[in-house]
Amino acid sequence: MYPTLLSSTTIGNYAISNKVVMAPTLSKTHVPAGIPNDVMVNYYSQRAKAGLIIAEGTGPAENGMGKAHMPGIYTKDQIAGWKKVTKAVHENGGRIFLQIMHTGRISHPANMPGKAEVIAPSAVPAKGQIWTEQHGWQPYATPRAMTTSEVQKMVQQYVKAATQAIDAGFDGVELHAAHGYLMDQFLHPDTNQRTDKYGGSIPNRIRFILETVAAVSHAIGKHRTGIRLSPYSQVNDLQHHDEIDATYEYLVDALDTYGLSHIHLLTEPATPATLIAGIRSRFNGTLILNGDYDAIRAEQTVQNGLADLIAFENPCVSSPLSGKFEMTSSEPLKKPNYACANC
């Protein structure tokens, strides 16, 4: 029924069985000390028939663990836990990338281990509240602005996290530069009020991302390095501004020079079609689109060449069905009963 969406393809240097991506979504389990557990092994292995799994947002350092029950990738026990996950996915014929996500200001000290501080590009707290296991809903903490030296050291923390992800058996990593987390906070003028080389102009605001992309892709290989972007998202108190299109056009032009595995682009109703098409034309690697697709629209999008792969969230979270991976209905994929059989 969906010959293009369900046909085999490649991402980076990897062959994958179809063009369906399981988007990074929390496995809904307690993760003490950020260590992946047997529930997560089962969760991901059951969904290994998706063309590609992008595992849930994972903290690269203690000060990036701002959300309750986040897994990490910075201790030996966390790496050992993830090895069980990747082994199970590979044994079931799947490919899996780890999404590296530093929360930045979207954080609270009660969610963080030890004496870790909430840090961000600038000392601008997000409006709203965040869930903590100890105290319930709490206002977001006011972050401490990172020094220039700390920004440069954070690049190396991402490199360390990426190399440890490969040690844990992941096929690659996706850098989370979307939805208002640390990397995205550098892109937005309301969250980045810096006056050093990482703030102000568009080239300065994208500098941290490009330095991290360069360092990570050099360390683990460009074919193993992807990135997630969300130009018009207002998640986590992001504000629209006049330079959104110019920022992402400039950024994607720069990203294209690194030969990355993929861009995972989250689209909103407000995202201009011209921007999506512009990113498609600017980036020569694999483009994954994620925007509440149903199977019909996903098939049309891939057939039309606007995207190479389509990411789905809700169908992949609902209980997987047994049997061969297939689309079982023309109804929207977001309805669990009509989800792909094993994604």
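Definitions and limits used
- Residues numbered from 1 in each chain as written.
- Predicted model: local features only at pLDDT ≥ 70, side-chain atom pairs only at ≥ 80, totals over all residues.
- Heavy atoms only, no water.
- Helix = DSSP H or I, 4+ residues; strand = E, 2+ residues; numbered from the N terminus.
- Rg over C-alpha atoms; globule rule 2.2 N^0.38 Å.
- Buried < 20%, exposed > 50% of the residue type's maximum accessible area, 1.4 Å probe, protein only.
- Contact = heavy atoms within 4.5 Å.
- Core = buried A, V, L, I, M, F, W, Y, C linked by side-chain atoms within 4.5 Å.
- Phe/Tyr/Trp six-rings, centres within 6.5 Å; stacked < 30°, edge-to-face > 60°.
- Lys NZ or Arg CZ within 6 Å of the ring centre and 35° of its normal.
- Salt bridge = Lys/Arg side-chain N within 4 Å of Asp/Glu carboxyl O.
- Expected span 1.5 Å × (residues − 1).
- Arc of directions from axis to C-beta.
- Pairing = 2+ DSSP bridges.
- Axes fitted to C-alpha atoms, helices over the stretch in contact; angles between N-to-C directions.

Before going further, it helps to spend a moment on the overall build of the protein. Within the protein, the regular secondary structure consists of ten helices and 14 strands. The C-alpha radius of gyration of the protein comes to 19 Å, within 12% of the 20 Å expected for a compact globule of 343 residues. Taken along the three principal axes of its C-alpha coordinates, the protein extends 55 × 45 × 35 Å. A total of 343 residues make up the protein; the buried ones form 59% of that total. Restricting to contacts in the protein with at least 6 residues of sequence separation, those with at least 24 account for 68%.

Moving on, we get to the nonpolar core. Ranked by internal contacts, the top residues of the largest apolar core, which has 76 residues, are Tyr 44, Trp 82, Phe 208, Ile 227 and Leu 229. Looking at which element gives the most residues to this core, the answer is helix α3 (residues 148-167), with nine residues. Membership of the second largest hydrophobic core comes to eleven residues, among which are Ile 11, Ile 54, Phe 97 and Ile 288.

All chains considered together, the criterion is met by eight aromatic pairs. Taken together, a centroid distance of 6.4 Å and an interplanar angle of 50° make the contact between Tyr 44 and Trp 82 tilted. Taken together, the residues Tyr 44 in helix α1 (residues 38-45) and Trp 82 in helix α2 (residues 76-91) connect sequence positions 38 residues apart. Both residues of the pair, Tyr 44 and Trp 82, belong to the buried class. Taken together, the aromatic side chains of Tyr 43, Tyr 44, Trp 82 and Phe 170 make up a single cluster linked through ring pairs. The aromatic ring of Tyr 293 is capped on one face by Arg 297, whose charged end is 3.9 Å from the ring centroid.

With that settled, the discussion passes to the pattern of salt bridges. Across all of its chains, the model carries eleven salt bridges by this definition. Its salt-bridge partner being Glu 150, residue Arg 144 comes within 2.8 Å of it at the nearest N-O pair. Here Glu 313 ties to Arg 228 by a salt bridge, and the two come within 3.6 Å at their closest N and O atoms. Taken together, the residues span a long stretch of sequence, with Glu 313 in the loop between β14 (309-312) and α10 (314-317) and Arg 228 in strand β11 (residues 225-229) at a distance of 85 residues. Since its relative accessible area comes to 29%, Glu 313 is described here as partly exposed. Residue classification places Arg 228 among the buried positions, given a relative accessible area of 3%.

Right, let's talk about helix α7 (residues 244-256) for a bit. End to end, α7 covers 18 Å across 13 residues, agreeing with the expected 18 Å (1.5 Å per residue, within 8%). Taken as a whole, α7 has its buried residues at Ile 244, Thr 247, Tyr 248, Leu 251, Val 252, Ala 254 and Leu 255. End-on, the buried residues of α7 take up no more than an arc of 160°, which puts them together on one face. Residues of α7 that are buried sit in contact with α4 (182-187), α5 (202-205), α6 (207-220), β11, β12 (262-266) and α8 (273-282).

Looking now at the environment of Gln 300. Topologically, Gln 300 is positioned in helix α9 (residues 295-303). Residue classification places Gln 300 among the partly exposed residues on the basis of a relative accessible area of 44%. Between the alpha carbons of Gln 300 and Thr 4 there is a distance of 8.6 Å; along the sequence they are 296 residues apart.

The eight strands are arranged β3-β4-β5-β10-β11-β12-β13-β14 in a closed barrel whose pairing can be described as parallel. Taken pair by pair, the neighbouring strands of this sheet meet at an average axis angle of 25°, ignoring direction. Inspection of the sheet shows strand β5 (residues 96-100) paired to strand β10 (residues 172-177) by four bridges, in the parallel sense. Across the sheet, Ile 100 pairs through a bridge with Leu 175, a residue of β10. Across the sheet, α1 touches β3 (20-22), β4 (52-58) and β5, and the angle it forms with β4 is around 150°.

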